[in-house]
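Architecture and fold: a report
Below are the chains, spelled out letter by letter.
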Protein chains: 2
Amino acid sequence: MNYPKKVRLVEVGPRDGLQNEAKPVSVEAKVALIDALTAAGHSAVEAGSFVSPKWVPQMANTDRVMAEIKRKPGVGYPVLVPNKQGMNGAVEAHCEEIAIFTAASEAFCRKNTNCSIDESFERFAPVLEAAQKHGMKVRGYVSTVIACPYDGKVAPAKVAEVSERLFRMGCYEVSLGDTTGVGTPAECVTMIDAVAARVPREKLAAHFHDTYGQSLANIMAVMERGIAVFDTSVAGLGGCPYAKGASGNVGTEDVLYLLNGLGIDHGVDIDAVARAGRAICAELGREPASKVAQALKAKAA
Amino acid sequence: MNYPKKVRLVEVGPRDGLQNEAKPVSVEAKVALIDALTAAGHSAVEAGSFVSPKWVPQMANTDRVMAEIKRKPGVGYPVLVPNKQGMNGAVEAHCEEIAIFTAASEAFCRKNTNCSIDESFERFAPVLEAAQKHGMKVRGYVSTVIACPYDGKVAPAKVAEVSERLFRMGCYEVSLGDTTGVGTPAECVTMIDAVAARVPREKLAAHFHDTYGQSLANIMAVMERGIAVFDTSVAGLGGCPYAKGASGNVGTEDVLYLLNGLGIDHGVDIDAVARAGRAICAELGREPASKVAQALKAKAA
């Protein structure tokens, strides 16, 4: 088994996680969560998004969140930005990093952002221009890298094409998202290899959802293919909008437990993350979806 | 990735699963479950145990279960037998296969069976003699192959020693159980390699618990080391007695989904298993613990 010596996690719970929770969360609770996650050792925490509160009310207070968190030196706090208007919000909030998102499936892109993939890139142009002007880092997301909830299987070549466009446009990293969590290890490896033919492997991240419980198996498989950055969500926050009642993002605790067992360096304190997860789950009135979080909670009780 | 072409699953839900559920289940519900699992294509279903109902009331009706199931030709229905007395029950119930169990940790063996590991082998002697006399197959279980809930880490050499004793004694297969589910892929591979130095790999099965969500990653890792038999539990039945509220056995549906994605043959219909799981979960008044079962249920709703 040939794994990376060191892995970097991008904690997406406060954005991708909370965005998919039914209950909106206060500024105070979000700030406490983000600060607890950076105190636990995370070097990247997705802090929110500047999208219309009409579409995503859970993220309406991102400007206040960005104003109140303790910004820790060396830590990235990317915020999701869909267009020029969102970018204005990110600039006003003094964000140092943004994330832009498109999809590898036309049907998903249209349902999710109301435009074609090509049009999503047209929207990115002024956003990237402003990012360059303000010295902001830009991370790119590709959704539906394995399958689309509307159109079925997605061709790895299409994922590679979209990823390359994001990379050439200036994204320092491209995160490949199995949005519906249907992928299994062989498919993920095929997809990663296709993308890595066009974007350097060290510029790729993998973003798995645990809808079918395959995330850790997929992470193992793509680590063997040189992928060393993973998006994870504390407590496994974030349900699956395509299968209500199913699991969402892979739990940070589950990934940390796996990495600890493999002796892979990551710099994050699993117990501190689990405590942060218990606090936000209490706020949401839900149980953690991460199995490690459940086991640690059971042991703590 | 070098995986086996074919994998055999041993469905342990009706025994290892139900034994760890708080609510006892009627004979009718157990029979319906077992028959649904064999109809789904399973070639081995652990049907119950002949242990004292004082210790395990959930298994008190195993004789009636064995009398009422439709025994499908070619399918194994192992029942757990702790001693000569249990063996009498198995013989009376016309069982064709039994399972015996010991541990790789002295402390666990003593807590679980009230005897030392050596004494457990002394108890097996008359059981195996009777098995031979009645032409019954014998499967062996080793518990705590990674860690003991009382004594911590377990040495792979100890697991190998106990496994070899079971194999030499006449067990056609030895199932290696990570009872507390704490193992991660690297540890599991080390343990498997130690055992495989003394027992042929094709005579070994792996039995994982999903307490820390590592089961599928572990299965992937040990499949690469030539292991091709796995114990799984429909719906992920069976909690964790060492961390109340945590997950139990790895879900059959989760393993089937992984194997389907890898193109590995197994002969079991995942949707039929999921339906059987929903039925027994309704009986128990609980949600399935298997993430695939949850996702399929959400999609079916």
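Quick caveat: nothing in here was measured; it's all calculated off a predicted structure.

Things to note about empty space enclosed by the protein
One simple way to see leftover space: roll a probe sized like a water molecule over the atoms. With the rule as written, the count across this model stands at five cavities of 30 Å³ or more. What the largest cavity holds in volume is close to 120 Å³. If you trace the largest cavity, you find it lined by Asp210, Gly213, Ser215, Leu216, Asp254 and Lys291 of chain A together with Asp210, Gly213, Leu216, Asp254 and Lys291 of chain B. For the lining of the largest cavity, a count of residues per class yields two nonpolar, three polar and six charged.

Focus: helix H6 (residues 117-133) of chain A
Residue and element names in this part refer to chain A. Between the first and last C-alpha of H6 there are 25 Å, a value that for 17 residues agrees with the 24 Å anticipated at 1.5 Å per step. Along H6, the sharpest kink reaches roughly 30°, centred on phenylalanine 124 and followed within four residues by the proline proline 126. Regarding H6, the residues found buried are Ile117, Ser120, Phe121, Phe124, Val127, Leu128, Ala130 and Ala131. At its buried positions, H6 is contacted by helix H4 (84-92), strand S4 (97-103), helix H5 (106-113), strand S5 (137-143) and helix H7 (156-169). Taken from the residues just after H6, glycine 135 is the one with a positive phi, measuring 65°.

A few points about unusual backbone geometry
Residues other than glycine predominantly adopt negative phi, and peptide bonds predominantly adopt the trans conformation. All names here are of chain B. Even without glycine at this site, asparagine 114 takes up a positive phi of about 60°. Judged by relative accessible area, asparagine 114 falls into the exposed class, the value being 63%. One non-glycine residue, threonine 144, lies in the positive phi region at around 50°. Position of threonine 144 relative to the elements: it lies in the loop between strand S5 (137-143) and strand S6 (147-148).

Looking at the relation of the copies chain B and chain A
You can overlay chain B on chain A at an RMSD of 0.0 Å; the transform is a turn of 180° with a shift of 0.0 Å along its axis. Given the turn and translation reported, the copies of this chain are related as if by a two-fold rotation axis. Ranked by how close their C-alpha atoms come to the rotation axis, the residues of chain B are headed by alanine 217 of chain B, at 2.2 Å. Here 100% of the contact residues of chain B are again contact residues in chain A; the copies associate through an equivalent surface.

A word on the packing of helix H8 (residues 185-196) of chain B against helix H9 (residues 215-223) of chain B
Residues and elements named next belong to chain B. Axis separation between H8 and H9 bottoms out at 9 Å; the angle between their running directions is 40°. By the angle class used here, H8 and H9 are oblique. The way H8 lies across H9 gives a crossing that is right-handed. Between H8, through Pro185, Cys188, Val189 and Ile192, and H9, the contact on the second element is made entirely by Ala217, Asn218, Ala221 and Val222.

Things to note about the interface of chain B and chain A
On the chain A side, the residues contacting the 34 residues of chain B number 34 residues. For the pairing of chain B and chain A, the buried interface totals around 2800 Å² over both sides, and the portion due to carbon and sulfur atoms is 65%. For the pair chain B and chain A, the number of links is two salt bridges. In this structure, aspartate 210 of chain A engages lysine 291 of chain B in a salt bridge whose closest nitrogen and oxygen atoms are separated by 3.4 Å. Linking chain B to chain A there are 10 residue pairs in polar contact (both at pLDDT 80 or more). The set of elements that each furnish at least two residues to the side of chain B that touches chain A consists of H8, H9, helix H10 (252-262) and helix H12 (291-300) of chain B. Broken down by element, the side of chain B that touches chain A gets its largest block of residues, seven residues, from H12 of chain B. Taken together, the residues that form the side of chain B that touches chain A break down as 20 nonpolar, eight polar and six charged.

Some thoughts on the UniProt feature "domain: Pyruvate carboxyltransferase" (unreviewed entry) in chain A
UniProt records the feature "domain: Pyruvate carboxyltransferase" (unreviewed entry) at residues 7-274 of chain A, using the numbering of this structure. What you have in residues 7-274 of chain A is 42% helix and 15% strand, and the ends, taken at the C-alpha atoms, are 19 Å apart.

Re the sheet that holds strand S3 (residues 79-80) of chain B
Residue and element names in this part refer to chain B. An order of S1-S10-S9-S8-S5-S4-S3-S2 is seen for the eight strands of this open sheet, with the pairing classed as parallel. Looking at the sheet topology across the chains shown, the edges are occupied by strand S1 (8-11) and strand S2 (48-49). Of the pairings in the sheet, the one linking strand S8 (residues 173-178) to strand S9 (residues 204-208) comprises five bridges and is parallel in character. Bridge pairing links aspartate 178 to phenylalanine 208 in S9. Contacts between helix H6 (residues 117-133) and the sheet are confined to strand S4 (97-103) and S5, with S4 contributing the most and set at about 170° to the helix.

Here we look at the side chain of serine 143 of chain A
All names here are of chain A. With respect to the helices and strands, serine 143 occurs in strand S5. Taking relative accessible area as the criterion, serine 143 reaches 14% and is therefore assigned buried. Discounting residues that sit within four places of it in the chain, serine 143 has contacts with Thr102, Ala103, Ala104, Phe108, Gly177 and Thr179.

Criteria and thresholds
All chains use their own residue numbering, which begins from 1 and follows the written sequence. Naming scheme: in the order in which they are written, chains are lettered from A and ligands are numbered from 1. Given that the model is predicted, a residue must reach a pLDDT of at least 70 before its local features are reported, and side-chain atom pairs must reach 80 or more before they are shown or counted; all residues, however, enter totals for whole chains, interfaces and linings. The basis for every side-chain value is the complete set of heavy atoms in the structure, and neither hydrogens nor water enter the calculation. Cavity and pocket criteria rest on a 1 Å grid covering protein atoms alone: a 1.4 Å probe that fits but cannot get out defines a cavity, protein on both sides within 12 Å along at least 5 of 7 lines defines an open pocket, and an atom within 4 Å of a point defines a lining residue. Grid points are joined across faces, edges and corners, and a volume is the space filled by probe spheres set on the points. Following the grouping adopted for this structure description, the nonpolar residues are Ala, Val, Leu, Ile, Met, Phe, Trp, Tyr, Cys and Pro, the charged ones are Asp, Glu, Lys and Arg, and the polar ones are all others, Gly among them. Numbering goes from the N terminus for both helices and strands, where a helix is a DSSP run of H or I of at least four residues and a strand is a run of E of at least two. To estimate how far a helix should reach, multiply one less than its number of residues by 1.5 Å. By definition, a residue's bend is the angle between the axes fitted to the seven residues ending there and the seven starting there. The classification of residues rests on relative accessible area computed with a 1.4 Å probe and restricted to protein chains. Under 20% of the type maximum is buried, over 50% is exposed, and intermediate values are partly exposed. Here a residue-residue contact requires only that any non-hydrogen atoms of the pair lie within 4.5 Å. Least squares is used to superpose the copies, and the fit set is the C-alpha atoms of residues whose pLDDT is at least 70 in both copies. To define axes, lines are fitted to C-alpha atoms, for helices over the stretch in contact only, and angles between the resulting N-to-C directions are given on a 0 to 180 degree scale. Angle categories are assigned with fixed cut-offs, so that under 35 degrees is roughly parallel, over 145 is roughly antiparallel, 65 to 115 is roughly perpendicular, and the rest are oblique. When the near helix sits turned anticlockwise from the far one by under a right angle, the crossing is termed left-handed; a clockwise turn instead gives a right-handed crossing. Buried area: the accessible surface (1.4 Å probe) lost by two parts on joining, summed over both. Take a side-chain nitrogen of Lys or Arg and a carboxyl oxygen of Asp or Glu: if they are within 4 Å of each other, that pair is a salt bridge. As used in this structure description, the phrase polar contact means that two N or O atoms lie within 3.5 Å; if the pair is within protein, one of them must be able to donate a hydrogen and the other to accept it, and residues adjacent in sequence are counted only when both atoms belong to side chains. UniProt positions are given in the numbering used here, feature names are shortened, and annotations may be inferred rather than shown by experiment. Here, a strand pair is defined by DSSP locating no fewer than two bridges between the strands.

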